[in-house]
Amino acid sequence: MSKTAYTCFSTDVIHAGHLNIIKEAQKYGKVVVGCLSDKASIRYNRFPTVPEKDRIEMYNNIEGVDSVVLQNDMLYDDVIEKLHPDYIIHGDNWTKGVESAIRSHVEKLVSAYGGQIIDVPYTYNEEVSKIDLQLKERLSMPEYRRKRLRQLIEMTPVVKVMEAHSGLTGLIVEKTVIEGDNGKLDQFDAMWISSLCDSTAKGKPDIELVDMTSRFRTIEDITEVTTKPIIFDGDTGGLTEHFVYTVRSLERLGVSAVIIEDKKGLKKNSLFGTEVEQTQATIEEMSDKITAGKKAQLTDDFMIIARIESLILEKGMDDALERAFAFVEAGADGIMIHSRKKDPAEIVEFCDKFRAKDKTTPIVVVPSSFNVITEDELAAHGVNIVIYANQLTRSAFPAMQQTAMDILKYHRAKEVDDRLMSIKDIITLIDEI
Ligand code: SPV
Ligand code: MG
């Protein structure tokens, strides 16, 4: 019986490196290519711009490929259990870095039945690097980036979003990948441009003082160096007559969604709750703004998400639910429910009651106060998007302040040096083109 050589692809474009893998695989037996599923790809490598079924067809058309199967598991468990391939063929780039954990896992699986890994020297050449770069460029283009949030909501049980307020924080959200407890790689799906953090980074209070032109500049700083989708904190959305222009600008910038809150007048940060005066917009006022925004938008991709402040302002669950259904009726593409309680009970109650009547409209939550509940638990109550709204800023500020105080105290920087990144690391942190 002929032997099987298995290789897994997640690429959107076939280049010389992939053809070389196939050529090598042919030396060992029948070539089976695994197409890494969309679901697994978004956690592992890069977001697919070619749909799963088209990638399967593309891989099937490569000369020398005998068959293509769908690989659902980043760690290969599903295909190895089913196919017991004699050989796993892979570029030797997975012997280093975060991917080496996957290699070790696969090695354990195949050695159990006498299978073997073949590491093929990775093809580094100009054409391959150019294709890689072009794929990345494609993802950063407004038309790809904008629709990616809707795609993520379909593809993953919960979309994980981290705040960004600058090119640097954007890069942290873009590039941070960890090997989770289950051995699988994990990363954030999208970025939240928080009004609190954007204002704070500019040394201003979170009261809609930083104007839209300045906030758009923040978006551009971030889009220039990242590919992940953006959810923009639109505060109250301002006057309806202005909001319709904001919607168009955000679409043009490649932003996927704006969240606007049902408040009017001088907006203060929600986490003040009832400690400061805040006025909630009426259902009619907010609904009109949502409807006008939906009418103004030019693409099908863009989402307007309505944020409900009833629990923050202690107006009760019924008021929150009434507003949620009314805002969906007015055209909202999603509902964000907010709370400043430590106990997630009221958020869970809202989600359950909303989901009892509406099974599909995405629910967004921002668990800054109710931070004990996990993403999986929230997803089990019907939450689709979890936003970590301010944690990068809140971790950076105390570290910077302590360093400033210690340098003043010691009249030199030696004492703080062991908690700083090295000079070599800072000068090489950002790659040159
Ligand atoms: C923000 O991040 O600016 C938000 C979320 O609007 S919160 O600060 O919790 O109101
Ligand atoms: Mg805000």
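From a predicted model like this one, the values you see are computed outputs, not experimental measurements. (Residues numbered from 1 in each chain as written. Chains lettered and ligands numbered in written order. Predicted model: local features only at pLDDT ≥ 70, side-chain atom pairs only at ≥ 80, totals over all residues. Heavy atoms only, no water.)

**Observations concerning the pairing of strand 5 (residues 116–120)**
Step number 1: Relative to strand 5, strand 4 (residues 87–91) is paired through five bridges, and the arrangement is parallel. Its bridge partner lying in strand 5, Ile88 is registered against Ile117.
Step number 2: In this fold, the crossover linking strand 4 to strand 5 by way of helix 5 (residues 100–111) has right-handed handedness. (Pairing = 2+ DSSP bridges. Helix = DSSP H or I, 4+ residues; strand = E, 2+ residues; numbered from the N terminus. Right-handed = clockwise from strand over helix to strand, strands pointing away.)

**Focus on the sheet that holds strand 1 (residues 4–9)**
Step number 1: With respect to topology, five strands assemble into an open sheet ordered 3-2-1-4-5, the strand pairing being parallel. Edge positions in the open sheet fall to strand 3 (67–71) and strand 5, since each of these has one partner strand only. Put simply, the sheet's adjacent strands are angled 30° from each other on average, direction ignored.
Step number 2: Across the sheet, helix 1 (residues 16–26) touches strand 1, strand 2 (30–36), strand 4 and strand 5, and the angle it forms with strand 1 is around 165°.
Step number 3: Packing of helix 3 (residues 52–60) onto the sheet brings it into contact with strand 1, strand 2 and strand 3, and relative to strand 2 it is tilted by some 160°. (Axes fitted to C-alpha atoms, helices over the stretch in contact; angles between N-to-C directions. Contact = heavy atoms within 4.5 Å.)

**Structural notes on the environment of Ser287**
Step number 1: Mapping Ser287 onto the fold places it in helix 12 (residues 283–296).
Step number 2: You can call Ser287 buried: its relative accessible area is 12%.
Step number 3: Non-local contacts of Ser287, meaning those with residues more than four positions away in its chain, are made with Ala326, Phe327 and Ala330.
Step number 4: At 2.7 Å, the side chain of Ser287 and the backbone oxygen of Ile283 are in polar contact. (Buried < 20%, exposed > 50% of the residue type's maximum accessible area, 1.4 Å probe, protein only. Polar contact = N/O pair within 3.5 Å; in protein donor to acceptor, adjacent residues only side chain to side chain.)

**Details of a negative patch on the surface**
Step number 1: Residues Glu284, Asp288, Asp318 and Glu322 make up a contiguous surface patch of negative charge.
Step number 2: Of all the secondary-structure elements, those providing two or more residues to the negative patch are helix 12 and helix 13 (317–329).
Step number 3: For Asp318, a relative accessible area of 62% gives the class exposed. (Patch = residues over 30% accessible without salt bridge, like charges linked within 9 Å, V, L, I, M, F, W, Y side chains within 5 Å. Areas by Shrake-Rupley, 256 points an atom, 1.4 Å probe, with all protein chains shown as cover. Salt bridge = Lys/Arg side-chain N within 4 Å of Asp/Glu carboxyl O. Lys, Arg positive; Asp, Glu negative; His and termini not counted. Charge placed at Lys NZ, Arg CZ, Asp CG, Glu CD.)

**Here we look at the pattern of salt bridges**
Step number 1: The final tally for this structure, using the stated rule, is 31 salt bridges.
Step number 2: Its salt-bridge partner being Lys27, residue Glu24 comes within 2.9 Å of it at the nearest N-O pair.
Step number 3: Using a relative accessible area of 18% as the deciding quantity, one classes Glu24 as buried.
Step number 4: Here Lys184 and Asp73 are joined by a salt bridge, their closest N and O atoms 3.7 Å apart. Linking Lys184 in the loop between strand 7 (177–179) and strand 8 (185–187) with Asp73 in the loop between strand 3 and helix 4 (77–83), this pair joins segments that are 111 residues apart in sequence.
Step number 5: Within this structure, Asp198, Lys202, Asp206, Arg215, Asp235 and Lys267 form a network of salt bridges that share partners.

**A word on the site of ligand 1**
Step number 1: Surveying the vicinity of ligand 1 reveals the residues Trp192, Ser194, Ser195, Leu196, Asp233, Asn269, Ser270, Leu271, Arg307, His338 and Ala389.
Step number 2: The side chain of Ser194 places a nitrogen or oxygen atom 2.7 Å from an oxygen atom of ligand 1.
Step number 3: Alone, ligand 1 offers 280 Å² of accessible surface; in the complex the protein occludes 99% of this.
Step number 4: Considered class by class, the residues forming the shell around ligand 1 number four nonpolar, five polar and two charged. (Near = heavy atom within 4 Å. Nonpolar A, V, L, I, M, F, W, Y, C, P; charged D, E, K, R; others polar.)

**Details of the sheet that holds strand 6 (residues 159–163)**
Step number 1: Strand order around the closed barrel formed by eight strands is 6-9-10-11-14-15-16-17, with parallel pairing between neighbours. Going across the sheet, the axis of each strand differs from the next one's by a mean of 25°, ignoring polarity.
Step number 2: Both strand 10 (residues 230–233) and strand 11 (residues 257–261) contribute to a ladder of three bridges, which runs parallel. Counterpart to Ile231 in the pairing with strand 11 is Ala257.
Step number 3: Packing of helix 10 (residues 212–223) onto the sheet brings it into contact with strand 9 (190–193) and strand 10, and relative to strand 10 it is tilted by some 160°.
Step number 4: Its contacts with the sheet place helix 12 against strand 11 and strand 14 (303–308), and it is angled at close to 170° to strand 14.

**Some thoughts on helix 13**
Step number 1: Between the first and last C-alpha of helix 13 there are 18 Å, a value that for 13 residues agrees with the 18 Å anticipated at 1.5 Å per step.
Step number 2: Of the surrounding secondary structure, the elements contacted by the buried residues of helix 13 are strand 13 (279–280), helix 12, strand 14, strand 15 (334–337) and helix 14 (345–357).
Step number 3: Phi turns positive one or two residues past the end of helix 13, at Gly331, with a value near 120°. (Expected span 1.5 Å × (residues − 1).)

**Looking at unusual backbone geometry**
Step number 1: Phi angles above zero are rare outside glycine, and His84 is one such case at about 45°.
Step number 2: Its relative accessible area of 42% is what places His84 among the partly exposed residues.

**Brief notes about the coordination of the magnesium ion (ligand 2)**
Step number 1: Those protein atoms acting as donors to the magnesium ion (ligand 2) are Ser195 (OG) and Asp233 (OD), and they sit at 2.1 to 2.2 Å. Linking Ser195 in helix 9 (residues 195–201) with Asp233 in strand 10, this pair joins segments that are 38 residues apart in sequence. (Donors = N, O, S within 2.8 Å, 3.2 Å for Na, K, Ca; no water.)

**What about the pairing of strand 2?**
Residues in a regular strand point their side chains to alternate faces of the sheet.
Step number 1: Across the seven residues of strand 2, six count as buried, placing the element largely inside the fold.
Step number 2: In this structure, strand 1 lies alongside strand 2, joined through six bridges in parallel fashion. Looking at the pairing, Thr7 lines up with Val33 of strand 2.
Step number 3: By the bridge criterion, five bridges tie strand 2 to strand 3 in an arrangement that is parallel. Across the sheet, the residue bridging to Gly34 is Val69, located in strand 3.

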